[in-house]
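So the chains spell out like this:
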Amino acid sequence: MTGVETTTGRVDGRTLRAERTRAAIVDAHLALIGTGDLRPTGERIAERAGISLRALWTNFKDMEALFAASGEKLAERQAAAHRPIESGLPLPQRIEAYCEQRARMLEMLAPCARAAALREPFSAQLKENRVKAIALVRAEIEEVFATELALAGPGGGQLLQALVVASTWASWSMLRDELGLDLDAARGVLTRTVSALLAAAITNSLR
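Residues numbered from 1 in each chain as written. Predicted model: local features only at pLDDT ≥ 70, side-chain atom pairs only at ≥ 80, totals over all residues. Heavy atoms only, no water.

> Looking at this model, I keep getting lost on the pattern of salt bridges. Mind explaining?
Close approach of charged atoms lets side chains of opposite charge pair. Taken as a whole, this structure holds ten salt bridges when the rule is applied. A salt bridge links E100 to R104, with the shortest nitrogen-to-oxygen separation between them at 3.2 Å. Of this pair, E100 and R104 both sit in helix α5 (residues 91-119), separated by four residues, roughly a single helical turn. Looking at E100, the relative accessible area reads 32%, which means it is partly exposed. Judged by its relative accessible area of 29%, R104 falls in the partly exposed class. For the salt bridge of D184 with R187, the shortest nitrogen-to-oxygen distance reads 2.6 Å. Here D184 and its partner R187 are both found in helix α10 (residues 183-205), three residues apart, which amounts to about one turn of the helix. Judged by its relative accessible area of 51%, D184 is exposed. (Salt bridge = Lys/Arg side-chain N within 4 Å of Asp/Glu carboxyl O. Helix = DSSP H or I, 4+ residues; strand = E, 2+ residues; numbered from the N terminus. Buried < 20%, exposed > 50% of the residue type's maximum accessible area, 1.4 Å probe, protein only.)

Right under this line is the structure:
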């Protein structure tokens, strides 16, 4: 019995160490990207994590596996920072709350999104990460603005697509990186866009 317990203890200990190592690697990967190193090498990731390069590739068979784990970690961080928006609030309050939150989420995403843009053409995993992120945005819009989407009738699908486009990284990058807007100005444009789209849908529904 003692032998079984000892063996189990060794296995559990190894599992915990492996989990800590994997977590350290993911954290190091995200930290490097966050400091502007948008294409961190295995060597730099291992050094930041305080492990050997061999340990890095023992825990992750390739960069695709690391991209998957890092994407999950980023999603967890965003989920922890996310606050549900009451769908029964007046529309102006919902728009304000939604756009403030989307701006925060997009700023959290920004370093990884910029890094992904460099590698995504060659990475199936990064493409999958982006698809998952967009699906989450779509689901939130469907929940927060369910009333307005319903009022849009046959145009509800198109309205939903327009709101998704306005709320995702491609549009935010245009505002922040291409137009050079600061955070408040970019959030203001997002709020104006979402407001205009929803107002137009409501107006059309009353005709």
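On we go.
> What is the right way to look at helix α6 (residues 124-144) in this model?
Structural remark: α-helix, 3.6 residues per turn; residues separated by three or four positions point the same way. The end-to-end C-alpha distance of α6, which contains 21 residues, comes to 31 Å, matching closely the 30 Å that a straight helix rising 1.5 Å per residue would cover. Within α6, the full set of buried residues consists of Q125, L126, N129, V137, E140, I141 and V144. The arc enclosing the buried residues of α6, seen along the axis, measures out at 165°, which places them on a common side. Exposed residues on α6 whose side chains face more than 90 degrees from its buried face are A124, V131 and E143. Check the buried side of α6 and you find it contacts α4 (63-81), α5, α7 (146-151) and α8 (156-167). (Expected span 1.5 Å × (residues − 1). Arc of directions from axis to C-beta. Contact = heavy atoms within 4.5 Å.)

> Hey, could you run me through the side chain of Q101 in this one?
Summarising the element assignment, Q101 is placed in helix α5. Only 2.7 Å separates the side chain of Q101 from the backbone nitrogen of R83, close enough to count as a polar contact. Excluding residues that lie within four positions of it along the chain, Q101 makes contacts with A81, H82, R83, I85 and E140. (Polar contact = N/O pair within 3.5 Å; in protein donor to acceptor, adjacent residues only side chain to side chain.)

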